[in-house]
Amino acid sequence: MKSVRRPVVALSTMAILVAIQAVADPTGLLALVGWPGAALRVDLGLWPLAPYVVFVPVLLGVTWWATLRAGDRFWTHTAGLTLAVLLAQAAACLAMTWDVATAVWAAGFVAAKAVPAALIVAGFTRWFGGARARSTFSAGSVWPPAVLFAGIAPLVAGLWWTGAAYAPGIPVARADHGALVMIVAVALLAGATALCLRWMRTRVPGVLGGWLAALIAGGIVGLVQAAVGFVVDGGPSGDVWPLMVAYVAVADGLAFGACVGWVVGLGALATDRVLASSSARTPLLVAASVAVVALGAALLVPAFGAGSAASASSAAPAGFLRADGEIITDGKGNQVLLRGVNVNQLVDFYQPQPDVPATRPLTEDDYADMAEQGFNVVRLNLSWSALEPERGTLDPAYVEQITDAVDWAKQHGIYTVLDMHQDSWWNGPTEEGTACRPGTDPMWGYDGAPAWATITDGAPRCQFMGRDISPAGNRAFQHFYFDTDGVQSALARSWGELAGIFADEPMVAGFDLLNEPGFGQTAPVTTSHQLGRFYDRAIQEIRAAGAPQIVFFEPSILWSGLGFDSGPTPGFTDDSNIVFSPHLYAESITMDRDLGIPPIVSLERQFTLAERVAAEYGAPLWSGEYGYWGEDDDVLQRLNRYADAEDAHILGSAYWVWKQACGDPQNGIGPVGNALMMQDCATGGDAPPKADLLEILSRAYPRFSPGVLTSLDADGARVEFAGTTPERVCGLEVWIPGTVEPELETAGITDVETVAVPGGWSVTGCAEGDYSLATAP
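This is a predicted model, so every value here is computed, not measured.

Basis of the calculations
- Positions within a chain are numbered from 1, following the residues in the order the chain's sequence is written.
- Only residues with pLDDT of at least 70 are given local features in this predicted model, and only at 80 or more are side-chain atom pairs given and counted; all residues enter the totals for whole chains, interfaces and linings.
- In computing side-chain properties, one takes all heavy atoms of the structure into account and sets aside hydrogens as well as water.
- Here a helix means four or more residues in a row that DSSP labels H or I, a strand means two or more in a row labelled E, and each is numbered from the N terminus.
- This radius of gyration counts C-alpha atoms alone. The globule rule is 2.2 Å times how many residues there are, raised to the power 0.38.
- We call a residue buried when its accessible area falls under 20% of the maximum for its residue type, exposed when it is over 50%, and partly exposed in between, using a 1.4 Å probe and counting protein chains only.
- Note on areas: Shrake-Rupley, 1.4 Å probe, and residue coverage restricted to the protein chains presented here.
- The rule for a disulfide is simple: a pair of cysteine sulfur atoms within 2.5 Å.
- The pairing criterion is simple: DSSP has to find at least two bridges between the two strands.
- Aromatic rings from Phe, Tyr and Trp, with only the six-membered ring used for Trp, were paired whenever their centres fell within 6.5 Å, and each pair was classed as stacked if the ring planes differed by under 30 degrees, edge-to-face if by over 60, and tilted otherwise.
- Lysine NZ or arginine CZ positioned within 6 Å of the ring centre and within 35 degrees of the ring normal marks a charge as sitting over the ring.
- N or O atoms within 3.5 Å of each other form a polar contact, as long as, within protein, one can give a hydrogen and the other can take it, and as long as residues adjacent in sequence are counted only when both atoms are side-chain atoms.
- Whether two residues are in contact is decided by their heavy atoms: any pair within 4.5 Å suffices.
- Here the term right-handed applies to a crossover when the path leading from its first strand over the helix to its second strand runs clockwise, the strands being oriented away from the viewer.
- Helix axes are fitted to C-alpha atoms over the stretch in contact, other axes to C-alpha atoms as well, and angles between N-to-C directions run from 0 to 180 degrees.
- Every helix has an expected span of 1.5 Å times one less than the residues it contains.
- One fitted axis covers the seven residues ending at a residue, a second covers the seven starting there, and the bend at that residue is the angle between these axes.
- When a carboxyl oxygen of Asp or Glu lies within 4 Å of a side-chain nitrogen of Lys or Arg, that pair is called a salt bridge.

Enquirer: Would you explain the overall build of the chain in this entry?
Expert: Within the chain one finds 22 helices and 19 strands. The C-alpha atoms of the chain give 28 Å as radius of gyration, which agrees with the globular expectation for 777 residues (28 Å, within 12%). In terms of its C-alpha atoms, the chain occupies a principal-axis envelope of roughly 90 × 65 × 50 Å. Burial statistics for the chain: of 777 residues in total, 60% are counted as buried. Carbon together with sulfur atoms contributes 60% to the accessible area of the chain, which is approximately 29000 Å² in total.

The structure is reproduced here in structure tokens:
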């Protein structure tokens, strides 16, 4: 009989490690089990308790079992302990959501924590666990369980192998990526599993041996996927994206092996028993038959399910913008490019200096000035705290300010995207007397939710590496995601009421439901499953209010910080009038720039990744924010690169930001209010605008293009673009800046008119078939 010394050492080491991490981690995000300093709530069901009453018991239970069965060898023990962490994560996420697909996929998000923890515990156990008995066992059956495991992969793929990391051509066991890549992935998984079974089952007997073989096989397939991705996804482009692909792919593979690998363990045992009493070929034939049936079902299910999504965009009234496949259109046969700026002058910011206003007044003159730059959209930042300071009632004075802004924009031919803005959840600062944990610092407030919707349970309002990681802010977001006290329901209802006010206004392009949503305490449960749940509820409220406009939806703040993220779960809504709207801040506010390391995602690559994710939603792409490159000498160079990439991808976006007051907490305390239109902090008046940036931003572009644009390149007043339309459409409208009337070279375009407008020229015309326009050199 085996000694229990090794399991006791492993269990004790794991428990101590969990406790040390909980105490040492100031945010509750970096540890296996975090403790953010908030009061423990036992009145809200299982979700607040899951990390403690589900994660920890599963972790310790599997740690004991893995050590008993696989603890005599360091590497098998490490694999078993990694399995323990991944299964604990899956179990805790399942307890929070009761959604199996989300829970098992979420297991991969702790891979970066699981492997180091496993190495530490396995190392301590090796040195302090006493004598080891390294037994050797028969490998038994290999191919039947391997084929079975690989064959069912496409049927249970769920959320695995989705997102920005998986470029076309990377082998993934998903039918929606194409039959060829799916079959290749299944073959790779079968081969890797068979190889790992031969090694693992001679060292670890029983179900666990097969399970760990599946775990390692999943990781090996992830490495192969990363290697293929290095080739098909452009390799390094001045960034470390190939390493991110490797991490994501390996994490997905480990999670798949951890959560589905029991099939291999049980299949191997069952096959061994069958082999002992029947033909040696029978198990392989059975496994192969199951695999063929599974592959066939995986190919047929998506085909039968295609076309079932609702089409809200087709019901949008005439004159309203709408999502149409990969592009935004006007419903009259024209593709629409929305290019403009963010306006933060209605935001209810925290005011760090009582005598210095946090915002600048918003007037019609702002819109006249924006129109002179050729902008045709404003992302109007709003604050829930100002919109609904008292629960259940929209503030009429604030609604009037919003209405005035929409009307001014309309008068100048500018669309409005209403954006429910927030930064770090609400505008409260660190309370006086708060003791920030080591590694965190007191912080200003920013903007967002009203006080009645802010539930922190006493977690400290202290920031870690910036405003968006704060125990109090993360806790408030967690309560929002799980609808504590109906907070999430309240915002969804408020969206319905606000959208209803503008339901008949076609110059309101749409509604951006929540700016850069925080990750709470349990990503990706929060940033994918729960965020998608909120979006769906808000969309339903908006449609119930009769508002047909586009709904813009964002991934979490992680996209702005990393250059990619998972986003809300695909299929979160059956409404098709939606636009994916990440903030493309690569090489700007992403954490790599703060840390002084190479970019995680290059400025150019971010467009491809965003388009890849938008395609998974079947939605167009529009970036709600970009810019903010600071005051470095290379700001112009970066903006020019962004402009070139934006044109190459034929996209629209909104620059951050039009004006920024000296008292804006995002501005800090400096000599100027740092934006396109500058403020002199000494006088409170205007400072010279950033003319060099405006020159790039106001470059020529086609606002409305018959059919679909196929190419675009512009620099100042020079523009070249091409498109195609199946029928004659007379909606062409092109903005060209400057005082000199442009000379045009056109093909396939008739009835061309050039009219002087403030700041430049408007070119209109009709097009049919393939067409092109270029300004003469």
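Enquirer: Help me understand the environment of G61, please; the structure alone is not making it clear to me.
Expert: Take G61: it is sitting in helix α2 (residues 50-70). G61 sits 50 residues away from L11 along the chain, and the two C-alpha atoms are 8.5 Å apart.

Enquirer: What is the right way to read the state of the cysteines from this model?
Expert: Throughout this description, disulfide means a covalent bond between two cysteine sulfur atoms. Counting across every chain of the model gives three disulfides. Disulfide pairing places C436 opposite C462 at an S-S distance of 2.1 Å. Between C436 and C462 the sulfur-sulfur dihedral comes to about -80°; the bridge is accordingly left-handed. Of this pair, C436 sits in the loop between β6 (415-421) and β7 (441-442) while C462 sits in strand β8 (residues 462-463); the two residues are 26 residues apart in sequence, bridging distant segments of the chain. For C436, a relative accessible area of 22% translates into the label partly exposed. For C462, a relative accessible area of 0% gives the class buried.

Enquirer: Please explain the pairing of strand β17 (residues 718-737) as it appears in this structure.
Expert: The two faces of the sheet receive side chains in turn, since in a regular strand these alternate between them. Looking at chain direction, strand β15 (residues 701-706) and β17 are connected through three bridges and run antiparallel. Residue pairing for β17: P702 is matched across the bridge by V734. Adjacent in sequence and paired antiparallel, strand β16 (residues 708-715) and β17 are bridged by two residues, among which G716 carries a positive phi angle near 65°. Pairing of β17 with strand β19 (residues 760-775) involves 13 bridges; the strand directions are antiparallel. By the bridge assignment, V734 is partnered in β19 with V763.

Enquirer: Honestly, the packing of aromatic side chains in this entry has me stumped. Any pointers?
Expert: Any aromatic ring pair is given by two values, namely how distant the centres are and how the planes are angled relative to each other. For the structure shown, the criterion picks out 36 aromatic pairs. With centroids separated by 5.2 Å and ring planes inclined at 35°, the aromatic side chains of F149 and F256 adopt a geometry described as tilted. Taken together, the residues F149 in helix α6 (residues 143-152) and F256 in helix α9 (residues 241-260) connect sequence positions 107 residues apart. In this structure F149 comes out as buried when scored by relative accessible area, which is 0%. For F256, a relative accessible area of 1% gives the class buried. A cation sits over an aromatic face here: R461 above W426, 3.7 Å from the ring centre.

Enquirer: How should I be thinking about the environment of L418 in this particular structure?
Expert: Relative to the assigned elements, L418 resides in strand β6. Judged by relative accessible area, L418 falls into the buried class, the value being 0%.

Enquirer: Would you explain the side chain of N381 in this entry?
Expert: Summarising the element assignment, N381 is placed in strand β5 (residues 377-383). Side chain to side chain, N381 and N342 meet in a polar contact 3.2 Å long. Those residues within four positions of N381 in sequence are excluded, and the remaining contacts are N342, V343, N344, L346, V347, Y398, D419, H421 and W656.

Enquirer: Whenever I open this one, the pairing of strand β9 (residues 508-512) confuses me. Can you help?
Expert: For β9, the buried fraction is high: five of the five residues fall into the buried class. Crossover handedness for the path β9 to helix α17 (residues 525-544) to strand β10 (residues 550-553): right-handed.

Enquirer: Could you clarify how one ought to interpret the sheet that holds strand β12 (residues 653-655) in this entry?
Expert: Where strands meet in a sheet, backbone hydrogen bonds hold them as pairs that are either parallel or antiparallel. With parallel pairing, the seven strands of this open sheet are ordered in space as β11-β10-β9-β6-β5-β4-β12. Two strands lie at the open edges of the sheet, namely β11 (578-580) and β12, each paired on one side alone. For this sheet, the mean inter-axis angle between neighbouring strands, taken without regard to orientation, is 30°. The pairing of strand β4 (residues 339-343) with β12 spans three bridges and is parallel. Across the sheet, G340 pairs through a bridge with A654, a residue of β12. The sheet contacts of α17 involve β9, β10 and β11, and relative to β10 the element is tilted by about 160°.

Enquirer: What should I look at first to understand the environment of L46 in this one?
Expert: Topologically, L46 is positioned in the loop between α1 (5-24) and α2. Judged by relative accessible area, which is 32%, L46 ranks as partly exposed. Spatially, the C-alpha atoms of L46 and A95 are 6.7 Å apart, while their sequence positions differ by 49 residues. Setting aside chain neighbours within four positions, we find L46 in contact with V53, A95 and W98.

Enquirer: What should I look at first to understand helix α21 (residues 635-648) in this one?
Expert: Turn by turn, an α-helix covers 3.6 residues, leaving residues three or four places apart pointing in a common direction. Taking 1.5 Å as the rise per residue, α21 with 14 residues should run 20 Å; its terminal C-alpha atoms sit 20 Å apart, in good agreement. Within α21, the full set of buried residues consists of V635, R638, L639, Y642, A643, A645, E646 and D647. A positive phi of about 55° marks I650, the residue just after α21.

Enquirer: I would appreciate a short explanation of α17 in the present structure.
Expert: Taking 1.5 Å of rise per residue, 20 residues should cover 28 Å, and α17 covers 27 Å from first to last C-alpha, within 8% of that figure. The axis of α17 is deflected most strongly, by about 30°, at L531. At the exit of α17 stands G546, carrying a positive phi of roughly 85°.

Enquirer: Help me out: how do you make sense of the pattern of salt bridges in this one?
Expert: In total, this model carries 31 salt bridges according to the counting rule given. Note that D647 and R699 form a salt bridge whose closest N and O atoms lie 3.2 Å from each other. Taken as a pair, D647 in helix α21 and R699 in the loop between α22 (691-697) and β15 lie far apart in primary sequence, 52 residues in all. A salt bridge links E720 to R718; the nearest nitrogen and oxygen atoms lie 3.8 Å apart. Overall, R718 belongs to the partly exposed group, its relative accessible area being 31%.

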